Amino acid sequence: MKESMRYFRCPSCGAFNRIPEEETRTPVCGGCKKPLDRSGAPQEVDERAFAKAIETSPVPVLVDFWAPWCGPCRMAAPIIDKLARAMPGSLLVLKLNTDEAPTTATRHQVSGIPSFVLFSKGREISRQVGVLPPAEMQRWLIDAASRAQA
Ligand SMILES: [Zn+2]
């Protein structure tokens, strides 16, 4: 992990903002000047925003491929939310609704949902198909993220 710098994606314009860890005021996005959310909460993206984010993110990106009708996806949501908020600024978590993103789902060979894919510098590092219990999900993510840094 980068020492004291954290990176936050602006949900409004998609720009990445580098923010010192010790910054206490609510920073605004350098691109669009809207306040930045530093909670680390998962961000909903469409296909275009997804493509831009995985290509330009300075930190590993966990993508939750899901759909509203999928029961296991709803079970996974609070687990992913908690993991995301535990690593604000050092991991970006995106949610992509596969019903609205068929091209991206096909391109990334998402055959079952939920599917969790960790990307680093635009490249897939690891994939988990189906939801695991929280502790196992966390173990998978930490292992995948550590390989992303290498
Ligand atoms: Zn912005």
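Anything mentioned here points back to the structure above.
Cut-offs used in this document
Residues numbered from 1 in each chain as written. Predicted model: local features only at pLDDT ≥ 70, side-chain atom pairs only at ≥ 80, totals over all residues. Buried ≥ 20, exposed ≤ 12 C-beta atoms within 10 Å, placed from the backbone. Helix = DSSP H or I, 4+ residues; strand = E, 2+ residues; numbered from the N terminus. Pairing = 2+ DSSP bridges. Axes fitted to C-alpha atoms, helices over the stretch in contact; angles between N-to-C directions. Contact = placed C-beta atoms within 7 Å. Arc of directions from axis to C-beta.

**Q** Describe the pairing of strand β6 (residues 115-120), and please don't skip the residues or the numbers.
**A** With respect to burial, β6 is a largely interior element, 5 of its 6 residues being buried. Summarising the sheet, strand β4 (residues 61-66) and β6 pair through 5 bridges and their orientation is antiparallel. By the bridge assignment for β6, V61 is matched with F119. Of the strand pairs in this sheet, β6 and strand β7 (residues 123-129) are connected by 6 bridges, and their pairing is antiparallel. Within the sheet, the bridge partner assigned to F116 lies in β7 and is Q128.

**Q** Account for the sheet that holds strand β3 (residues 43-45), with residues named and values stated.
**A** With mixed pairing, the 5 strands of this open sheet are ordered in space as β3-β5-β4-β6-β7. Unpaired on one side and paired on the other, β3 and β7 mark the two borders of the sheet. Across this sheet, the average inter-strand angle for adjacent strands is 25°, counted without regard to direction. As paired strands, β3 and strand β5 (residues 92-97) are joined by 3 bridges and run parallel to one another. Residue Q43 lies in a different strand from β5, and its bridge partner there is L94. Each of β4, β6 and β7 touches helix α4 (residues 134-149); the most contacted strand, β7, lies at about 170° to it.

**Q** Any chance you could break down helix α1 (residues 47-56) for me, citing the residues and the numbers?
**A** For α1, every residue scored as buried is listed here: F50, A53 and I54. Buried residues in α1, looked at end-on, bunch into an arc of 90°, giving them a common side. In α1, those exposed residues whose orientation departs by more than 90 degrees from the buried face are R48 and E55. Buried residues belonging to α1 abut β1 (5-9), β3, β4, β5, α3 (102-107) and β6.

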